[in-house]
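Chain by chain, the residues:
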Amino acid sequence: MTHAVRAGRCIVLGFLLSLALGVFAAPVSESVLPNGLRVLIKESHAAPVVVIDVWYKVGSRNEGPGFTGASHLLEHMTYKGTREFAKDDMRNLTKRNGAIDNGATFYDYTHYYTTIASDRLPLVLRMEASRMSAALIKQSDLDSERTVVRSELEGHENDPGTLLFQQTMAAVYRVHAYRWPVVGWRADIEHITAEQLRGYYHSYYQPNNATLVIVGDVKTAQALQQVRQYFGGLKRELPPPQWTTPEPPQFGERRVTVHRQGKLPMEFIAWHIPAIHHKDIPALTLLDQILGSGRLSRLYQQIVETQQGISAWSGTMVRRDSGIFYAGGVAAPGQTLAPIEKTIFAEVDRLKTTPPNNEEIARALRQMQASLIYGRDSVTDQADQLGEAQTVAGDWRYPDQLLDKMRTVTPEDISRVARTYLTEDNRTVGIFQPVTASGVTKTAPAPAPAQYGSDIRPRAEFATTPAPAVGTAVAQPVHRTRIVLPNGIVLLVQENHANTTVAISANLKAGRAYDPAGKTGAADMVANLLDRGTSTRSSREIAQELEGAAAEITSNTGWETVGIHGKALSGDSELLLRNIADQLRHASFPTDEIEKMRAQMLSGLENERDDPSNNARRAFYRAVLPAGHPYRLASFDEEADGLKALTRADLTAFYQARYTPKSLVLAVVGDVQVDAIRALVTKYFGDWQGDAPTPLVFPALPLTKPARLVTTIPDKSEVDIYVGSTAPLHRTSPDYYAAEIMNFVFGGGGALNSRLGNVIRDQHGLAYTVYSDFHASTGAGPWFAMLGVNPVNVDTATKLLREEVTRMRDSGVTQQEIDDAVAYLTGAYAITLQTNDALASTLMDAEYFHLGLNYPERVTKLYRAVTRAQVNAAAKKYLHPDALIESIAGSYPRPK
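Residues numbered from 1 in each chain as written. Predicted model: local features only at pLDDT ≥ 70, side-chain atom pairs only at ≥ 80, totals over all residues. Heavy atoms only, no water.

Take the overall build of the protein chain next. Across its full length, the protein chain carries 32 helices and 24 strands. Structurally, the protein chain occupies a C-alpha span of about 70 × 70 × 65 Å along its principal axes. Residues classed as buried in the protein chain amount to 65% of the 896 residues present. In the protein chain, 84% of the contacts between residues at least 6 apart in sequence involve partners at least 24 apart. As displayed, the protein chain has an accessible area near 31,700 Å², and 52% of this comes from carbon and sulfur atoms. (Helix = DSSP H or I, 4+ residues; strand = E, 2+ residues; numbered from the N terminus. Buried < 20%, exposed > 50% of the residue type's maximum accessible area, 1.4 Å probe, protein only. Contact = heavy atoms within 4.5 Å. Areas by Shrake-Rupley, 256 points an atom, 1.4 Å probe, with all protein chains shown as cover.)

As structure tokens, this is what we get:
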């Protein structure tokens, strides 16, 4: 469970697009209890899972000067105990019942959602009713949590894009509450009292200011009766205040410049647009799709394709009150933003005078319509869409209504809204102009481990509830087929007719670990260039077919494999397979595309140089793994030199050696028929021939010697830390599941579900982000813990971490901790398999590691077979407090 602020969504997708993802095929039952609580229930019986999502009409728009960040801070505090549930009880109960839960705050709302086995619905309803009416909000808890929220804020400040967005929004809105960040201003966070938060809580957390959404494997009548049982007795209160001063008209361009440590110049341009129900919102939505969404969008074509910048975008952020239309771009190092800004303004002006053509509008509508269907894959997403629409738009039907209105938009309507809103006087231009300072790396002996001084025990009054066998099709009879073609291709198919979509994953042994010596980046560049031209089609022609059908193909390069992931409506299964085959078999690596990609990758690498987390991680992996190990990372300079040295011949040689049918696994999941998919794969892949690629060689891993590495990056609010050592754990090791349970108890459960989180976040309030993990795959890599802290807290946090490592190794875990971990790991695993994408990826992993086609059904049994002795043995085997390497990156050491 991780508390979240959803402000990041507005930069990437915009509120409107997220809302427009939901047409709800099954009926939605709507009820209003006598106390005003609105209840939306949608039955979905594809899996024994239910989502409970409670939405409150309170967000940062309801705050005022001196009180900013209160909504987000209150979200954190509602997890600190109620009159019925003591501190941490809700967290422990959801974990022990294998649930995935979270809380989020945005401008117009706060909501809390839990995905759990459907027979556990009453448990969550009871907890949410208590959260709504009986939160304690103690000053002592606030004092501790305030530091955690400060750490969250400092993490945001490390990101140039977030900084630019916040500063620009503060200029876009002069009087409206949208002007401050959702997380609030630091000074306000420091001074808000528990008494103030309690008053705020009692004003807004009430049934007549909330919507309860239930989606999943339930019976509507029974679920509604359970809602009445737990929420019906809550008292209706006076309607909470919702007035906020409207933003007055803007009468001239405003400009904001942010100077901070960074690498890439960035621009964010915003124009005021009306509130969510205005008649022009449908046209503005299509304008966004045409201007800046996808590779065929006007901004991408004019900025990225011409190499004026490495990225360009647009978006709409539609809210309860007036929102914004935005556009922007990022320049490469050494480039200026002037050409990007000029092009954005030129493309906006062109739309004002020359309406988009019918092809552009048809493609935009097709993409929006397909998004509706994709949004039905996950019951969690369906609940999110229903709740957001009801809370912000006042009607859960809003997405359907919006789409109907978009179908009536004409080309002239799009030009008209561009002329009306995207004017010079109505715009605010934000510029991030980076300043640079060289990082310094120092090495010093690691501090000696100290003895643990605290005693943490799980609450005795909560007995473990066995985790249910929950999931999507995982918990029900499923039909999977494994087919091996004569050329060596392995095809995995699982039919899932719950939604008219198909997901395809393709894996080849062509990951970063196979980069030739001195050619770091070859695997990444080859994967990135697959869709930039084949022997049959150009990059643009590929994009035209895929975007015209609202199909998606993406690639990602892992340590050992490259993954190609496709998604389409099931009627376009052949189109998707044909395009994947064309890219895997006939990539042509045009010289001009190579140079564009090289520039983009070098720019991305420069941006990583400024990121504390990337610096800490890279230095850690270089220190913990010996030269020549497949998982060892190159230095920034080595990777830059490798990218610069790559030739077309190098890329072609890597492609021909690694992209072969004898290492290809295809997983197809969705609304398909096995025989039809077999025929299509045979049609497009059957005559492909090639040799088996050479395997990886993993050298022995000696135990590391303790060291402290410091990469000083000035002007960063938060320091990121990696601490760990070598760990000879493979994915197929006999003690893999014991090690996973041990790690989950230690830190794998994250900041809110682990010992490390309990000590560093809850007890000492030092960090927002805390977790630990193994790098266990075909070969063995390190075990590590990661955390982000204020520079003044580095030494305290690392000391506490070392003490926890020692305690885990020496004292092991309790049976209660094991039971809790197994309940969560097995329940959460099944819940994550809600989408065709996730199922395809899971089948791919099962094939890669030879786990068997029935692995999803066997996971629970594998974890439950682990004994306490095995978990404690894993702790002694893999945790080495005397051999820890610390890698610290950020504004540390602090200036004297």
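There is more to say after this.
Right, let's talk about helix α17 (residues 411–421) for a bit. All buried positions along α17 are accounted for by I414, S415, V417, A418 and Y421. In an axial view of α17, the angular spread of the buried residues amounts to 165 degrees, which keeps them on one side of the axis. Check the buried side of α17 and you find it contacts β9 (266–273), α11 (281–292), α13 (338–353) and α14 (358–374). (Arc of directions from axis to C-beta.)

It is worth spelling out the environment of E30 at this point. Within the fold, E30 resides in strand β2 (residues 28–32). Its relative accessible area of 30% is what places E30 among the partly exposed residues. Expressed as a C-alpha distance, the spacing of E30 and S415, which sit 385 residues apart in the sequence, is 38 Å. Excluding residues that lie within four positions of it along the chain, E30 makes contacts with R38, V39, L40, Q390, W396 and R397. A distance of 2.5 Å separates the side chain of E30 from the side chain of R38, its partner in a polar contact. Engagement of the side chain of E30 in a polar contact is seen with the side chain of W396, the distance being 3.0 Å. (Polar contact = N/O pair within 3.5 Å; in protein donor to acceptor, adjacent residues only side chain to side chain.)

Turning our attention to unusual backbone geometry. Geometrically, the link from Y892 to P893 is a cis peptide bond, its omega value of -5 degrees lying close to zero. Of note, D715 is a non-glycine position whose phi angle comes to about 65 degrees, a positive value. Within the fold, D715 resides in the loop between β20 (707–712) and β21 (719–726). For D715, a relative accessible area of 37% corresponds to the partly exposed category. For H850, which is not glycine, the phi dihedral falls at a positive 55 degrees. Take H850: it is sitting in the loop between α30 (836–848) and α31 (855–864).

This next bit is on the sheet that holds strand β19 (residues 665–670). The six strands lie next to each other as β14-β15-β19-β16-β18-β17, forming an open sheet whose pairing is mixed. Of all strands in the sheet, those with a lone pairing partner are β14 (480–484) and β17 (552–557), marking the two edges. On average, adjacent strands in this sheet sit at an angle of 15 degrees to one another, irrespective of strand direction. One ladder, built from five bridges, connects β14 with strand β15 (residues 490–495); its direction is antiparallel. Counterpart to T481 in the pairing with β15 is V493. (Pairing = 2+ DSSP bridges. Axes fitted to C-alpha atoms, helices over the stretch in contact; angles between N-to-C directions.)

The next point concerns the sheet that holds strand β12 (residues 427–435). In spatial order, the strands read β8-β12-β9-β11-β10; together these five strands make up an open sheet with mixed pairing. The open sheet has two edge strands, β8 (254–261) and β10 (311–317), and neither has a second partner. Here the average twist between neighbouring strands, direction ignored, is 15 degrees. Here seven bridges tie β10 to strand β11 (residues 323–330), and the two strands are oriented antiparallel to one another. Bridge assignment links T316 to a residue of β11, and that residue is F325.

With that settled, consider the pairing of β19. Across the six residues of β19, six count as buried, placing the element largely inside the fold. With burial as the criterion, each face of β19 is covered, one bearing V665, A667 and V669 and the other bearing L666, V668 and G670. Across six bridges, the pairing between β15 and β19 is parallel. Across the sheet, the residue bridging to L492 is A667, located in β19. Direction of pairing for strand β16 (residues 501–508) relative to β19: antiparallel, over a ladder of six bridges. Paired with A503 across the bridge in β19 is V669.

To continue, consider the packing of helix α29 (residues 815–832) against α31. Put simply, α29 and α31 touch, their axes get as near as 9 Å, and they point 175 degrees apart. Between α29 and α31, the angle is such that the two are roughly antiparallel. Side by side, α29 and α31 meet where V822, L825, T826 and Y829 of the first sit next to Y855, P856, V859, T860, Y863 and R864 of the second. Here the contact of α29 with α31 is composed, by residue class, of seven nonpolar, two polar and one charged. (Parallel < 35°, antiparallel > 145°, perpendicular 65-115°, else oblique. Nonpolar A, V, L, I, M, F, W, Y, C, P; charged D, E, K, R; others polar.)

Moving on: the pattern of salt bridges. Evaluation of the coordinates by the stated rule reveals 62 salt bridges. In this structure, D524 engages R512 in a salt bridge whose closest nitrogen and oxygen atoms are separated by 3.0 Å. A residue pair is termed long-range when its members are at least 10 positions apart, and D524 in helix α18 (residues 522–529) and R512 in the loop between β16 and α18 qualify at 12 residues. Given the relative accessible area of 36%, R512 is considered partly exposed. The partner of E886 in a salt bridge is R802, and the shortest N-O contact between them spans 2.8 Å. In this pair, E886 is assigned in strand β24 (residues 885–890) and R802 in helix α28 (residues 794–811), connecting sequence segments 84 residues apart. Residue E886 is classed as buried on the basis of its relative accessible area, which comes to 0%. A residue is classified by how much of its surface remains accessible, and R802, at 3% relative accessible area, is buried. The network of salt bridges with common partners includes K80, D88, R91, E145, R761 and D762. (Salt bridge = Lys/Arg side-chain N within 4 Å of Asp/Glu carboxyl O.)

The element β24 is largely enclosed, with a buried count of six among its six residues. Of the two faces of β24, both are covered, the one formed by I885, S887 and A889 as well as the one formed by E886, I888 and G890. Bridge analysis of β21 against β24 gives five bridges, and the strand direction is antiparallel. Its bridge partner being in β24, D720 is matched across the sheet by A889.

As a further point, take the confidence of the model for the protein chain. Of all residues in the protein chain, 92% attain a pLDDT of 70 or more, and the chain-wide mean is 90. In the predicted structure, residues 1–24 sits below a pLDDT of 50 and forms 104 contacts with residues beyond four places in sequence or in another chain. Across residues 438–476, confidence stays below pLDDT 50; counting only partners more than four residues off in sequence or on other chains, it has 104 contacts. (pLDDT = per-residue confidence, 0-100.)

The periodicity of an α-helix, 3.6 residues per turn, causes residues three or four positions apart to be oriented the same way. With 13 residues, helix α7 (residues 160–172) should cover 18 Å at 1.5 Å per step; its first-to-last C-alpha distance of 18 Å lies within 8% of that length. Counted residue by residue, α7 has 12 buried out of 13 residues, so it is predominantly covered. Along α7, the residues that are buried comprise P160, G161, T162, L163, L164, F165, Q166, T168, M169, A170, A171 and V172. (Expected span 1.5 Å × (residues − 1).)

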